[in-house]
Each structure stands twice: as C-alpha cells, then as structure tokens.
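Take a look at the letters that make up each chain.
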Amino acid sequence: MAMHIIRNADLHPFNTFGVHAQADALARFSDVDQLRTLLAAPELAGMPRLFLGGGSNVLFTRNWPGVVLLNEIPGIAMEAEDEHHVLVKAGAGVPWHQFVLHCVDHGWGGVENLSLIPGKVGAAPMQNIGAYGVEIKDSFHSLEALRISDGTMVTFDREACHFGYRESFFKCEGRDRFVILSVTFKLNKAPHVLNTSYGNIQQELDRQGISTPTIKDVSNAVIAIRRSKLPDPAVLGNAGSFFKNPVVPAELAERLKEMHPDMPSYPAGDGQVKLAAGWLIEHAGWKGHRADHHGVHDKQALVLVNHGGATGQAIYVLSEQVLRSVHERFGVELEREVNIL
Ligand code: FAD
Ligand code: EPU
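Presented here is an overview of the structure given in this document. All of these numbers come straight from a predicted model, not from anything done at the bench.

Take the nonpolar core next. Of all hydrophobic cores here, the largest spans 48 residues; its most connected members are F60 and V332. Going through the elements one at a time, β2 (22-29), β3 (49-52), β4 (58-59), β5 (64-71), α5 (250-259), β16 (272-275), α6 (277-283) and α7 (312-330) are the ones with two or more residues in this core. Shared between two domains, this core takes at least three residues from each, and those domains are domain 1 (6-71) and domain 3 (237-340). In this structure, V332 is in contact with P246, V248, L252, L256, L275, L280, V326 and H327, ignoring residues within four places of it in sequence. F99, M126, I136 and V183 belong to the second-largest nonpolar core, a separate cluster that totals 43 residues.

Here the focus is the packing of aromatic side chains. Within this structure, the stated rule accounts for 15 aromatic pairs. Ring centres 5.8 Å apart and planes at 90° place the aromatic pair Y132 and Y198 in the edge-to-face group. Of this pair, Y132 sits in the loop between β8 (130-131) and β9 (134-135) while Y198 sits in the loop between β12 (178-188) and α3 (201-207), and the two are 66 residues apart along the sequence. For the pair F169 and F170, a centre-to-centre distance of 5.3 Å together with 85° between the ring planes defines the contact as edge-to-face. No difference in accessibility class separates F169 from F170, as the two residues are buried. Aromatic ring contacts, followed pair by pair, group F156, F169, F170 and F178 into a single cluster. Geometry around Y165 places K274 over its ring, the cationic atom sitting 3.4 Å from the centre.

A few words on the site of ligand 1. Near ligand 1, the surroundings consist of 34 residues, among which F51, G53, G54, S56 and G130 are the closest. R226 has a polar side-chain atom sitting 2.8 Å from a nitrogen atom of ligand 1. Elements that contribute at least two residues to the shell around ligand 1 include exactly β3, β8, β12 and β13 (237-241). Residue classes in the shell around ligand 1 are distributed as 16 nonpolar, 14 polar and four charged.

On to the pairing of strand β7 (residues 85-91), then. With five bridges connecting them, strand β6 (residues 76-81) and β7 associate as antiparallel partners. Residue A77 lies in a different strand from β7, and its bridge partner there is K89. Linking β6 back to β7 in an antiparallel pair, the connection comprises three residues. In this sheet, β12 lies alongside β7 in antiparallel orientation, the contact comprising seven bridges. Across the sheet, K89 pairs through a bridge with T184, a residue of β12.

With that settled, consider helix α2 (residues 96-105). Listed as buried for α2 are W96, H97, F99, V100, C103 and V104. Viewed along the axis of α2, the buried residues span an arc of 155°, placing them on a single side of the element. The inward-facing, buried residues of α2 contact β6, β7, β12 and α4 (215-229). Of the residues flanking the end of α2, it is G107, one or two places downstream, whose phi is positive at about 75°.

Right, let's talk about the sheet that holds β6 for a bit. In space, the five strands of this open sheet follow the order β6-β7-β12-β10-β11, with antiparallel pairing throughout. This sheet does not close on itself; its edge strands, each paired only once, are β6 and β11 (153-157). Strand-to-strand twist across the sheet, computed as the mean angle between neighbouring axes with direction ignored, equals 20°. Looking at chain direction, strand β10 (residues 140-147) and β12 are connected through seven bridges and run antiparallel. The residue bridging A145 from the neighbouring strand is I180, located in β12. Against the sheet, helix α1 (residues 32-40) engages β10, β11 and β12, with an angle of about 35° to β10. Against the sheet, α2 engages β6, β7 and β12, with an angle of about 25° to β12.

Basis of the calculations
- Residues numbered from 1 in each chain as written.
- Chains lettered and ligands numbered in written order.
- Predicted model: local features only at pLDDT ≥ 70, side-chain atom pairs only at ≥ 80, totals over all residues.
- Heavy atoms only, no water.
- Core = buried A, V, L, I, M, F, W, Y, C linked by side-chain atoms within 4.5 Å.
- Buried < 20%, exposed > 50% of the residue type's maximum accessible area, 1.4 Å probe, protein only.
- Helix = DSSP H or I, 4+ residues; strand = E, 2+ residues; numbered from the N terminus.
- Domains from an automatic or database assignment.
- Contact = heavy atoms within 4.5 Å.
- Phe/Tyr/Trp six-rings, centres within 6.5 Å; stacked < 30°, edge-to-face > 60°.
- Lys NZ or Arg CZ within 6 Å of the ring centre and 35° of its normal.
- Near = heavy atom within 4 Å.
- Polar contact = N/O pair within 3.5 Å; in protein donor to acceptor, adjacent residues only side chain to side chain.
- Nonpolar A, V, L, I, M, F, W, Y, C, P; charged D, E, K, R; others polar.
- Pairing = 2+ DSSP bridges.
- Arc of directions from axis to C-beta.
- Axes fitted to C-alpha atoms, helices over the stretch in contact; angles between N-to-C directions.

Dropping the structure here:
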C-alpha cells in the first residue's frame, strides 16, 4: 500500500510548545501494517525516526533530521471482565483524555485523577504519567509494542516496564527501540475506592457541595483544578511541567527547611525527600519571568511557556538558566521532564 509521505514538514501543529521546526519527512499510521510499510519504505531508509503522539512532552530545539511518524492507531475495547474488574485496551493513537472520559462514563475507576492530561494513550507509559496522587502504573495491565530492529510484537507486563516517577523502560533503555501500539488497563467496577486525598480535590468537591462523590465528580474536580493552574496549550504554548520534582537526601531537605520553613516537601522513602520544583523556581525569582517571546508561567513556575514566536532553542536556554539558578540558590539539581530533541 502506498503511504503518504510529506517532505519538509512543518512540525508547528504537532508540538504543544508551538515552536517551528522542520522534519525531512512526516507520515501517519493507523495500524501495524501501515507502520511496517513505513519502516520498510525505501524512500525513508536510513533516516532517523521520531515517533510522536500529541507532541505534548517534547521540545524541538532544531529541525528534525529524519522522519516523524505520527501514531494514530484508534480504538477502545473491553477485553475481559469479572465481578470486580474490567480489562480495557486502547489504541496508542487515542487521545488520553478521551480514554479517561470513556472509562469515567462507563463507571470504571482508576484513571479519573488523570483527567485532562494532554497527549495520546501510547505515550502514557513512556513517563508513567501521573497527577493528583495517581500514576498509570497503578491501573496498568500490559502493553503491546513493535520492536523496531526486527519488527516483532512484544508484550510488556507492568514489571517489564520498570515504571518510576516520570520514568519507564521506554524513556531509558528502551528509548527509540520500541513503538507502543496499544495499552491495556485493569480498572475497577464498583466498589471503587476514590482517591481524593491529594492536593485540593477534597476542597474542590466541598466547594461544589458534593459530599458523596462519584468517579465523574472526581474527574470534574481534577479538570477544574487543572484549568485554574495549567495553561491551555491551544492558548499558550507549553509542555506541562518542564522539570521533575527533585528527590534529594533527607539531610539536604532538612537544611533547606530550617532556612525556608514554608518550603513544601514530601517523604519519598529510603531517607529521601521529594521537593516541589515549582516552589524552588518561584523562590529563585523566576515565576512570571518574561523574555521576548517566552518565559515562566505566572501561575505555575514549573511550566515554561511560549508567548508566540519563541524558538525551541530559546526555551532550552531559559531552562539552562533556571537549572543553574536553582542550583546556586538551593544546591538542588533539577532534571528536565520534557524530551529535548
Ligand atoms: P509526545 O510528546 O508525542 O511524545 C513524548 C515522548 O514519547 C517522545 O519521546 C516520543 O518519541 C515518545 N512516544 C510517543 N508516543 C510513543 C509510542 N507510541 N511509542 C513509543 N514512544 C512514543 N504529564 C504528566 O505525567 N502529568 C501531568 O499532569 C501532565 N500535565 C500536562 C499538562 C499540560 C498542559 C501539558 C502540555 C503536558 C502535560 N503533561 C503531563 C505531559 C504530557 O501530556 C504527557 O507526558 C503525555 O503522556 C505526552 O503524550 P504525547 O502523546 O503528547 O507524547
Ligand atoms: N508551588 C509553588 N510555586 C509554583 C508552583 C508550585 O510554590 O509556582 C508549590 C505549590 O504551592 C505546592 C507544590 O509546589 O505546594 C506542588 O505544586 P502543584 O500541586 O501545582 O504540583 P507540581 O508538583 O508543581 C506535579 C506534577 C504535575 C501534576 C501535578 C498534580 C511533576 C513534575 N509535576 O506538579 O504534572 O499535574 O503535580 O499532581 O511531577 C507534568 O508532569 O507535566 C505535570 C503537569
């Protein structure tokens, strides 16, 4: 089957930072046969490949010297069920929030706290997406991926994915070696225990006068909180948190706490403490910082933004300045969450 390959494609519509960059070639696939055809296409032979979902966790700092392959595999299907659980499989190209709403509307619990995260289902395991006290590893069952080197299909269970905080096998050793094609989740039927203890979910439910919340209520509360803090990429280019929250030795956290008693910190086990990167960046003076076309969000210092017309390179340089400044001020090394290309 002939595939449509676009030459010298503008990547502006395919990254939520909204930066301009060009790919030598761009193509889409919506099933594994189309993917195999693209991987074997003589006109793409030898080109570096970049698989993209929604482009909501990438920063292009230069043109992409190769082909961009957009994963558009559709479909959500219930694979199995028993009295208490359902196994639900979603194609890698399904928008993540659409999948969440499908589950919420069917009364399947487990992903409602992850409402409104941008991107596609296929990228969700890549960094074990998380929000409001939940990560996908909590409801993850398995995934199917194509191994690029030999074109075989491989099934990964939870253990094989090596999920950690914003980490997985696919972000480290497996990077560029596998294309995730579908993800299967194990979700709860009633009774499902809601997780409303994190952040201000409970406050939001109280504000709405809801005392016995449903899965849908929690999803709506998360959506309301997120809308109040995080910029909508359709309005202001961004890729969510640019850095991870740093996990530091408890002694360093204690020393910082003595100097800054209001600094948020969370026990992270093994004598480690997680700090809030947003707080550190704000207190290093960056919140609301604005250069010509880019800056630091004024409601959430962890989010770098494109006010329009910024280059990826300029945003990257800003991230270097923020890193250096947080290190000088607090002795804490931040790590980027966004994939730099
Ligand atoms: P892309 O940006 O397209 O790709 C990300 C990386 O995954 C790239 O390296 C890409 O090559 C690789 N990749 C993509 N698809 C596949 C595939 N099928 N197989 C193999 N590799 C693949 N993240 C959170 O964890 N929690 C949040 O609360 C959160 N909030 C956000 C809020 C905003 C406003 C924005 C813009 C982003 C937010 N993010 C958050 C980050 C982002 O939405 C997630 O990381 C999301 O999973 C990225 O999906 P994507 O399809 O856009 O991935
Ligand atoms: N804070 C500040 N100043 C700021 C931002 C935050 O002081 O400018 C403080 C807050 O007051 C709070 C603490 O930092 O005490 C944590 O802030 P928040 O609850 O907003 O969450 P976060 O740690 O900044 C993380 C995730 C988000 C996720 C939210 C909700 C990371 C890197 N980020 O942000 O994920 O949506 O929690 O669970 O873990 C993403 O990964 O892209 C992302 C948006």
